[in-house]
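Below are the chains, spelled out letter by letter.
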Amino acid sequence: MNRRTALGMGTAATAGVVLGTATPAMAAPNSGQGIQSPDRTQADQVAAIYRREKTKAGGNWYAYLSVAGGTGPTPLVAVRENPDTVVEAYSVNKIAVATAVLDKVDRGLLTLDQRVDVTSAIVVPGGDGIFSLDGAYPSSVTLGHVLAALLTVSDDTAVRLCGLVCPAAELNQILVAKGFPKTQVEPVANPNRFFLGTSTPRETHDLLQALVRGTLLSANSTTFLLNQLRSPIAFTDGIRRTMSSTDRARIATKAGWFADARHEAGLIFDPAGTPVLTYALFADGQAGADNFGSTHPAVQARAAMGPAFLSAVSGLSNLSVPARRPRMYQPTNGG
């Protein structure tokens with residue numbers, strides 16, 4: 001029995017669960033029952049888009065999505081489907097890993113310019129990322145470089161490098177202290193290594209909300225983390241796939257995949273740089289478990305959701321949080 005089965009996260013996990021369709025947030029858009037506020041209508045549009053695409057993809061979905069609630073601080077829930085089910089978060093939890101490391105930076109225990117040694121013994125062969133492609137060890141990189149690789153190209157070796165400066169037990173304690181007891185890495189025998197562990201759609205959503213509200217990390221660390229997730233080389237196969245470079249810069253996103261699971265979580269910003277949609281999309285049980293490309297049904301579903309979500313929240317702004325404009329993409333030709 002694997003860890004996912006032990007946690008009860010197969011098809012049976014959804015049996016008896018009240019799906020989002022039973023809640024007002026998942027009602028059909030423009031149902032004609034009373035007058036809806038513009039942002040409520042946009043939340044309903046997001047819900048309809050989600051239902052349509054996840055139904056096409058099939059499998060099991062665990063999701064929590066919200067849109068900005070006008071001038072109020074509390075976002076409007078658009079989708080809550082199995083929101084508190086504990087799932088294997090896989091690489092989506094790299095946001096949580098980076099949060100713990102940056103928390104130590106904020107407390108003066110680490111610095112982004114301190115160096116970390118990359119030895120042949122710590123490199124994860126194959127898999128995702130760039131460190132395994134170097135072919136020349138040992139080398140040395142800054143902690144900032146490690147976090148950039150962790151959050152953009154989802155580097156697997158970067159996870160181990162983070163473990164050198166923030167062991168598993170400490171990492172989990174930091175996340176609990178910040179209010180995320182179910183977003184935890186899974187320790188192994190080596191205290192500096194861990195599996196990426198678990199979360200819930202609600203906790204992942206709330207972590208992202210805390211990030212943009214400035215209650216998770218310092219202003220500098222918040223900017224650093226968001227710059228990685230909004231960068232041009234951050235994940236583009238899902239929500240950001242069918243978008244212009246300008247629109248992609250409005251999306252901060254992190255995907256995770258392993259076995260039959262395909263996940264993605266992030267934020268959509270308005271043109272001024274305020275977050276107007278927060279999404280935590282966890283999916284498993286679809287066809288094509290050995291397909292880690294863009295044609296996997298769940299990944300295709302998210303690719304269809306992305307531009308539709310962007311259109312649904314067009315014109316929506318968020319006056320309750322500071323605007324954070326992304327870095328402008330400026331391609332170069334060397335030299």
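Coordinates for the structure precede this section.
Note that the coordinates shown come from a computational prediction; the quantities given were computed from them, not determined experimentally.

(A) Structural detail: the overall build of the protein chain. Check the secondary structure of the protein chain and you find 10 helices and 10 strands. Long-range pairs, those at least 24 residues apart, make up 68% of the contacts in the protein chain between residues at least 6 apart in sequence. As displayed, the protein chain has an accessible area near 14,000 Å², and 55% of this comes from carbon and sulfur atoms.

(B) Here's a closer look at the packing of aromatic side chains. For the structure on display, the rule yields 3 aromatic pairs. Between Y50 and W61 the ring centres are 6.0 Å apart and the planes differ by 85 degrees, which places this aromatic pair in the edge-to-face class. Here the residue Y50 occupies a position in helix α2 (residues 38-57), and W61 occupies one in strand β1 (residues 60-67), the gap between them amounting to 11 residues. You can call Y50 buried: its relative accessible area is 0%. By relative accessible area, which is 2% here, W61 ends up buried.

(C) Main features of the sheet that holds strand β6 (residues 184-187). The sheet built from 3 strands is open, its strands ordered β3-β7-β6 with antiparallel pairing. The open sheet has two free edges, formed respectively by β3 (87-88) and β6, since each of these has just one partner strand. Here 2 bridges tie β3 to strand β7 (residues 194-199), and the two strands are oriented antiparallel to one another. Note on β7: the bridge partner recorded for V87 is S199.

(D) Focus on helix α8 (residues 219-229). α8 sits mainly inside the fold: 8 of its 11 residues count as buried. Turning to α8, its buried residues number three or more, namely S221, T222, F224, L225, L226, N227, Q228 and L229. Looking at the buried side of α8, the elements it contacts are α3 (94-106), α4 (143-151), α7 (201-213), β8 (251-258) and β9 (261-269).

(E) How the structure looks around a nonpolar patch on the surface. A cluster of nonpolar side chains, namely I130, L133, V153 and I233, defines an oily patch on the protein surface of about 370 Å² accessible area. Position of V153 relative to the elements: it lies in the loop between α4 and α5 (156-165).

(F) Spatial organisation of the environment of S294. Its location among the elements puts S294 in the loop between β10 (275-284) and α10 (297-312). Judged by its relative accessible area of 26%, S294 is partly exposed. S294 sits 57 residues away from D237 along the chain, and the two C-alpha atoms are 5.7 Å apart. If we ignore the near neighbours within four places in the chain, the residues touching S294 are D237, R241, V299 and Q300.

(G) Region of the structure containing the pairing of β8. Burial within β8 is extensive, with 6 of its 8 residues counted as buried. Where β8 and β9 come together, 8 bridges link them in antiparallel fashion. Across the sheet, K254 pairs through a bridge with A265, a residue of β9. Counted between consecutive antiparallel strands, the loop separating β8 from β9 contains 2 residues, among which A259 sits at a positive phi close to 50 degrees.

(H) Representation of the side chain of D155. Within the fold, D155 resides in the loop between α4 and α5. Among the polar contacts listed, one links the side chain of D155 to the backbone nitrogen of A158, at a separation of 3.0 Å.

(I) Up close: the packing of α3 against α5. Relative orientation of the contacting elements α3 and α5 amounts to 30 degrees, with a least axis distance of 11 Å. For the element pair α3 / α5, the angle class is roughly parallel. In terms of crossing hand, the pair formed by α3 and α5 is left-handed. Residues K94, V97, V101 and K104 of α3 pack against D156, V159, C162 and V165 of α5. Classifying every residue of the contact of α3 with α5 gives 5 nonpolar, no polar and 3 charged.

(J) Structural view of the sheet that holds β10. Taken together, the 5 strands give an open sheet; going across it, the order is β2-β1-β10-β9-β8, and neighbouring strands pair in antiparallel fashion. Lying at the two open borders of the sheet, with one neighbouring strand each, are β2 (76-81) and β8. Neighbour to neighbour, the strand axes of the sheet diverge by 5 degrees on average, direction disregarded. The pairing of β1 with β10 spans 8 bridges and is classified as antiparallel.

(K) Fine view of the nonpolar core. Grouped together as the largest cluster of nonpolar side chains are 56 residues, with contacts concentrated most on V97, V101, L147, L150, L171, F194 and L225. Looking at which element gives the most residues to this core, the answer is α3, with 8 residues. Residues contacting L225, with those up to four places away along its chain left out, are I95, A98, T99, L102, L151, L211 and L217. In this structure, A43, I268, A298 and A301 belong to the second largest nonpolar core, which totals 31 residues.

Thresholds, definitions, all that
- Residues numbered from 1 in each chain as written.
- Predicted model: local features only at pLDDT ≥ 70, side-chain atom pairs only at ≥ 80, totals over all residues.
- Heavy atoms only, no water.
- Helix = DSSP H or I, 4+ residues; strand = E, 2+ residues; numbered from the N terminus.
- Contact = heavy atoms within 4.5 Å.
- Areas by Shrake-Rupley, 256 points an atom, 1.4 Å probe, with all protein chains shown as cover.
- Phe/Tyr/Trp six-rings, centres within 6.5 Å; stacked < 30°, edge-to-face > 60°.
- Buried < 20%, exposed > 50% of the residue type's maximum accessible area, 1.4 Å probe, protein only.
- Pairing = 2+ DSSP bridges.
- Patch = residues over 30% accessible without salt bridge, like charges linked within 9 Å, V, L, I, M, F, W, Y side chains within 5 Å.
- Salt bridge = Lys/Arg side-chain N within 4 Å of Asp/Glu carboxyl O.
- Polar contact = N/O pair within 3.5 Å; in protein donor to acceptor, adjacent residues only side chain to side chain.
- Axes fitted to C-alpha atoms, helices over the stretch in contact; angles between N-to-C directions.
- Parallel < 35°, antiparallel > 145°, perpendicular 65-115°, else oblique.
- Left-handed = near helix turned anticlockwise from the far one by under 90°.
- Nonpolar A, V, L, I, M, F, W, Y, C, P; charged D, E, K, R; others polar.
- Core = buried A, V, L, I, M, F, W, Y, C linked by side-chain atoms within 4.5 Å.

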